[in-house]
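Take a look at the letters that make up each chain.
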Amino acid sequence: MEELTKPTIAITIGDVNSISPEVIIKSLEDPRIIKMMTPVVYGSGKILSYYRKALNIRDFNYFQLKKLEELSDKKLNVLNLWEETVNITMGQSSEEAGKYAFISIKKAVEDAMEGKVDAIVTAPINKHNIQSEDFKFAGHTEYLAQQAGVKDSLMLLVDGDLRVGVVTGHIPIKEVSEKITAEKIDSKLDVLEKSLKHDFGIKKPRIAVLGLNPHAGDGGVIGNEEEEMIKPLIEKRKEKGKLVFGPFPADGFFGNQQYKNFDAVLAMYHDQGLIPFKTLAFSNGVNFTAGLPFVRTSPDHGTAYDLTGKGLADETSMRQALFLAIDIIKNRKEYS
């Protein structure tokens with residue numbers, strides 16, 4: 001095996017019928033990538049070859065290997081995890097696509113846990129067709145946390161200095177209020193604060209906490225979670241010298257650009273955080289899983305079946321996910 005001087009980044013293939021292979025290919029065409037990292041796509045050279053032809057992309061070459069030990073740090077690598085030809089039905093969900101997406105993720109996580117790769121960048125999956133006896137999770141985040149054996153993790157959306165985390169992730173809206181407890185908010189704040197220090201190099205992070213209810217409860221008129229749970233929790237953390245503020249009414253917080261005064265924002269539920277984030281940062285946004293022993297990032301968009309095979313998919317978020325992984329690896333090394 002060659003002596004690798006750059007960080008090795010595992011890129012999972014995602015749903016092979018979606019825009020995942022296209023955004024992988026387009027992002028890896030960027031000449032800066034190979035200078036900064038050793039990328040290795042976990043999947044199959046046949047799939048990349050299929051999309052290279054379908055999209056008429058000529059100058060895209062890669063080195064194929066069967067074992068990670070054969071990696072070349074001068075080239076784009078593809079780790080072939082299966083020999084068989086996968087039936088590709090562009091733009092359509094299939095059980096087969098879910099099966100191979102999971103094979104890719106499983107192997108990348110095993111290698112990350114063993115320290116064989118420095119980070120994982122996951123291409124989009126279909127959360128429905130990937131379900132199986134081995135994968136009964138709402139998405140990547142929940143699976144990765146379980147495999148890593150961590151007490152808690154946090155979905156953190158990142159675009160430069162804009163960082164938005166969520167207390168509850170992929171759950172139905174009717175379950176949100178019952179799932180939000182003081183212990184859960186406290187745990188997510190612990191993960192967020194630690195990540196801002198370790199992963200983003202911020203020594204004294206300032207964190208804003210959003211309220212759960214409209215107008216942050218309006219003093220108890222529109223719900224009492226803020227007065228009874230969120231405010232006392234924030235006060236306790238302030239007494240320990242933490243720079244945590246709120247709860248802020250979610251509607252005005254982003255509109256009046258208050259978010260610019262903080263290093264991160266903790267929203268109570270998925271759409272409360274992700275709608276403003278994606279409005280502000282859709283093409284550049286990256287999803288980062290804080291709290292894992294390894295670095296994991298992904299683009300902040302889904303499978304976009306309607307765009308598959310048309311050459312229209314925007315690879316910016318995938319490329320930013322690769323760059324953010326590199327930054328976090330560097331920050332973790334400096335911190336330790």
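With an unreviewed UniProt entry as reference, the chain is termed 4-hydroxythreonine-4-phosphate dehydrogenase, source organism Marivirga tractuosa.

Below, the discussion takes up the pattern of salt bridges. Across all of its chains, the model carries 20 salt bridges by this definition. We note a salt bridge from Arg163 to Asp161, for which the minimum N-O separation is 3.7 Å. Taking the shortest distance from any N to any O, the salt bridge between Arg332 and Asp199 comes out at 2.6 Å. Of this pair, Arg332 sits in helix α11 (residues 316-335) while Asp199 sits in the loop between α7 (182-198) and β8 (206-210), and the two are 133 residues apart along the sequence. Bridged by salt links that share partners, the residues Asp186, Asp190, Glu193, Lys197, Arg237 and Lys242 form one connected network.

The next subject is the side chain of Thr308. Along the chain, the position of Thr308 falls in the loop between β12 (295-299) and α11. Looking at Thr308, its side chain comes within polar contact range of the main-chain oxygen of Ala304, at 3.4 Å. Residues in contact with Thr308, not counting those within four places in the same chain, are Asn17, Ser18, Ile19, Tyr51, Met90, Gly91 and Thr303.

With that out of the way, let us pick up the nonpolar core. Core analysis: the largest hydrophobic core is formed by 67 residues, its most contacted members being Ile9, Ile11, Leu28, Val41, Ile185, Phe200 and Phe288. A per-element tally of this core places α11 first, with nine residues. Sequence-distant contacts of Ile185, defined by excluding residues within four places in its chain, comprise Val167, Ile180, Met229, Ile230, Leu233, Leu266 and Met268. Counting 24 residues, the second-largest nonpolar core is a separate cluster that includes Leu71, Ala108, Val109 and Val117.

All right, on to the pairing of strand β10 (residues 264-267) then. Neither face of β10 is open: one carries Ala264 and Leu266, the other Val265 and Ala267, and all of them are buried. Relative to β10, strand β7 (residues 162-166) runs parallel, the two being bridged by three bridges. Considered in β10, the bridge of Gly165 is made with Leu266. Pairing between β8 and β10: three bridges, direction parallel. Bridging across to β10, Ile207 finds its partner in Ala264.

This paragraph deals with α7. Relative to the 24 Å expected for 17 residues at 1.5 Å per residue, α7 spans 24 Å between its end C-alpha atoms, a close match to the ideal helical length. All of the buried residues in α7 are Ile185, Ser187, Lys188, Leu189, Val191, Leu192, Glu193, Ser195 and Leu196.

This brings us to the environment of Ala101. Mapped onto the fold, Ala101 is located in helix α4 (residues 95-113). When its relative accessible area of 2% is taken as the criterion, Ala101 is described as buried. Sequence separation between Ala101 and Val286 is 185 residues; the distance between their C-alpha atoms is 20 Å. With near-sequence residues (within four places) excluded, Ala101 lies in contact with Gly14, Asp15, Ile125 and Ile130.

Strand order in the open sheet formed by 12 strands is β3-β4-β2-β1-β5-β12-β11-β6-β7-β10-β8-β9, and the pairing between neighbours is mixed. Unpaired on one side and paired on the other, β3 (63-65) and β9 (243-248) mark the two borders of the sheet. Here the average twist between neighbouring strands, direction ignored, is 25°. Where strand β1 (residues 8-12) lies against strand β5 (residues 119-122), four bridges are found, and the strand directions are parallel. Bridge pairing links Ile9 to Ala119 in β5. Contacts between α11 and the sheet are confined to β1, β5, β6 (154-159), β11 (286-290) and β12, with β12 contributing the most and set at about 160° to the helix.

Reading the values: the criteria
- Residues numbered from 1 in each chain as written.
- Predicted model: local features only at pLDDT ≥ 70, side-chain atom pairs only at ≥ 80, totals over all residues.
- Heavy atoms only, no water.
- Salt bridge = Lys/Arg side-chain N within 4 Å of Asp/Glu carboxyl O.
- Helix = DSSP H or I, 4+ residues; strand = E, 2+ residues; numbered from the N terminus.
- Polar contact = N/O pair within 3.5 Å; in protein donor to acceptor, adjacent residues only side chain to side chain.
- Contact = heavy atoms within 4.5 Å.
- Core = buried A, V, L, I, M, F, W, Y, C linked by side-chain atoms within 4.5 Å.
- Buried < 20%, exposed > 50% of the residue type's maximum accessible area, 1.4 Å probe, protein only.
- Pairing = 2+ DSSP bridges.
- Expected span 1.5 Å × (residues − 1).
- Axes fitted to C-alpha atoms, helices over the stretch in contact; angles between N-to-C directions.

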